[in-house]
Amino acid sequence: YTLEGGEWKIAHHHSSMMPEAQLAASSGAPAPIPDAEVRSLFSLWNNALATLDPDEVAKRYSKAPCLLPTVSDVPRTDYDSIKAYFVDFLKKKPQGVILESYVTSGPGWCMDDGIYEFTMGATGDKVKARYSFVYTLEGGEWKIAHHHSSMMPEAQLAASAELPLP
């Protein structure tokens, strides 16, 4: 500021973009994915479930995946073991709906975690579970690098409360 004729005037003004966008663009790193797009990635996996083809589901996972499924004690860390898990699970004809979603993302990765509910088309049963999906960008396509699903603790506590005491 300078004082001119009894009034303060701006002597120098600088305006520029925030550096984060420029740095990301110049580094070659992909821009973070919008939250709505992260949430839409679930539908790609859910649509693969609807095919009832375990190969289609397994293709949604990355080259170095980790699936910690709801109804198996075995971590699945490669294509063949993920496909094998879905051979049995798909017999239930599952279709999921996200009830709560919390998204975090950065360049080349994103995470969606929350609560989902599956309707098993084979029986009509509904199963609510907690989930987390971590996606990575592989060859221009979002793939599931980590997927964890676990039953809601309330359901487990209710089931254990019904057990007879020794």
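What this report covers is the structure whose coordinates are included nearby.

How each quantity is defined
- Residues numbered from 1 in each chain as written.
- Predicted model: local features only at pLDDT ≥ 70, side-chain atom pairs only at ≥ 80, totals over all residues.
- Heavy atoms only, no water.
- Phe/Tyr/Trp six-rings, centres within 6.5 Å; stacked < 30°, edge-to-face > 60°.
- Helix = DSSP H or I, 4+ residues; strand = E, 2+ residues; numbered from the N terminus.
- Buried < 20%, exposed > 50% of the residue type's maximum accessible area, 1.4 Å probe, protein only.
- Contact = heavy atoms within 4.5 Å.
- Core = buried A, V, L, I, M, F, W, Y, C linked by side-chain atoms within 4.5 Å.
- Pairing = 2+ DSSP bridges.
- Axes fitted to C-alpha atoms, helices over the stretch in contact; angles between N-to-C directions.
- Salt bridge = Lys/Arg side-chain N within 4 Å of Asp/Glu carboxyl O.
- Expected span 1.5 Å × (residues − 1).
- Arc of directions from axis to C-beta.

### Regarding the packing of aromatic side chains
Consideration 1: This structure, assessed with the given rule, holds 16 aromatic pairs.
Consideration 2: Aromatic side chains Trp-45 and Phe-86 sit 6.3 Å apart centroid to centroid with 70° between the ring planes, which places their arrangement in the edge-to-face category. In this pair, Trp-45 sits in helix H2 (residues 35–50) while Phe-86 sits in helix H4 (residues 79–89), placing the two residues 41 residues apart along the sequence. When sorted by exposure, Trp-45 lands in the same class as Phe-86, which is buried.

### Observations regarding the side chain of His-147
Consideration 1: When you line up the elements, His-147 lands in strand S7 (residues 141–151).
Consideration 2: Leave out the neighbours within four places in its chain, and His-147 touches Trp-45, Tyr-61, Cys-66, Leu-67, Leu-68, Tyr-116, Ser-132 and Phe-133.

### What about unusual backbone geometry?
Consideration 1: Of note in the backbone geometry, Leu-52 takes a positive phi value of approximately 60° without being a glycine.
Consideration 2: Here Leu-52 is to be found in the loop between H2 and helix H3 (54–58).
Consideration 3: For Lys-93, which is not glycine, the phi dihedral falls at a positive 55°.
Consideration 4: With respect to the helices and strands, Lys-93 occurs in the loop between H4 and strand S4 (94–106).

### Concerning the nonpolar core
Consideration 1: Ranked by size, the top nonpolar core spans 27 residues in total, and within it Trp-45, Val-57, Tyr-61, Phe-86, Tyr-116, Phe-133 and Tyr-135 carry the most contacts.
Consideration 2: Aside from chain neighbours lying at most four places away, what touches Trp-45 is Val-57, Arg-60, Tyr-61, Phe-86, Tyr-116, Phe-118, Phe-133, Ile-144 and His-147.

### Topic: the sheet that holds strand S6 (residues 126–138)
Consideration 1: Pairing is mixed in the open sheet, where 5 strands are placed in the order S3-S7-S6-S5-S4. Whereas interior strands pair on both sides, the edge strands pair on one side only; in this sheet they are strand S3 (61–68) and S4. On average, each strand axis in the sheet is inclined to that of its neighbour by 20°, with strand direction left out of account.
Consideration 2: Along the sheet face, H2 touches S3, S4, strand S5 (109–120), S6 and S7 and points at about 150° away from the line of S4.
Consideration 3: Where H4 meets the sheet, it contacts S3, S4 and S5, and its direction lies at approximately 50° from that of S3.

### Some words on the pattern of salt bridges
Consideration 1: Considering all chains together, one arrives at 5 salt bridges under this definition.
Consideration 2: Among the salt bridges present, the one from Lys-143 reaches Glu-141, with a minimum N-O distance of 3.8 Å.
Consideration 3: Given a relative accessible area of 36%, Glu-141 falls into the partly exposed group.
Consideration 4: Sharing partners across several salt bridges, the network here consists of Asp-55, Glu-56 and Lys-59.

### Points about the side chain of Ser-149
Consideration 1: As for its placement among the helices and strands, Ser-149 is situated in strand S7.
Consideration 2: Here Ser-149 is in contact with Leu-68, Pro-69, Thr-70, Tyr-116, Ala-129, Arg-130 and Tyr-131, once residues within four sequence places are set aside.

### Quick word on the environment of Gly-96
Consideration 1: For Gly-96, the location among the structural elements is in strand S4.
Consideration 2: Considered as a pair, Gly-96 and Ser-43 are 53 residues apart in the sequence and their alpha carbons are 8.7 Å apart.
Consideration 3: Look past the residues within four positions of Gly-96 in its chain and what remains in contact with it is Phe-42, Asn-46, Glu-117 and Phe-118.

### A few points about H2
Note: α-helices contain 3.6 residues per turn, so residues at a spacing of three or four share the same orientation.
Consideration 1: Over its 16 residues, H2 extends 24 Å from the first C-alpha to the last, a length consistent with the 22 Å expected when each residue adds 1.5 Å.
Consideration 2: Of all the residues in H2, the buried ones are Val-38, Leu-41, Phe-42, Trp-45, Asn-46, Ala-48 and Leu-49. For H2, the angular spread of buried residues about the axis comes to 155°, placing them on one side.
Consideration 3: Immediately downstream of H2, the backbone of Leu-52 shows phi near 60°, a positive value.

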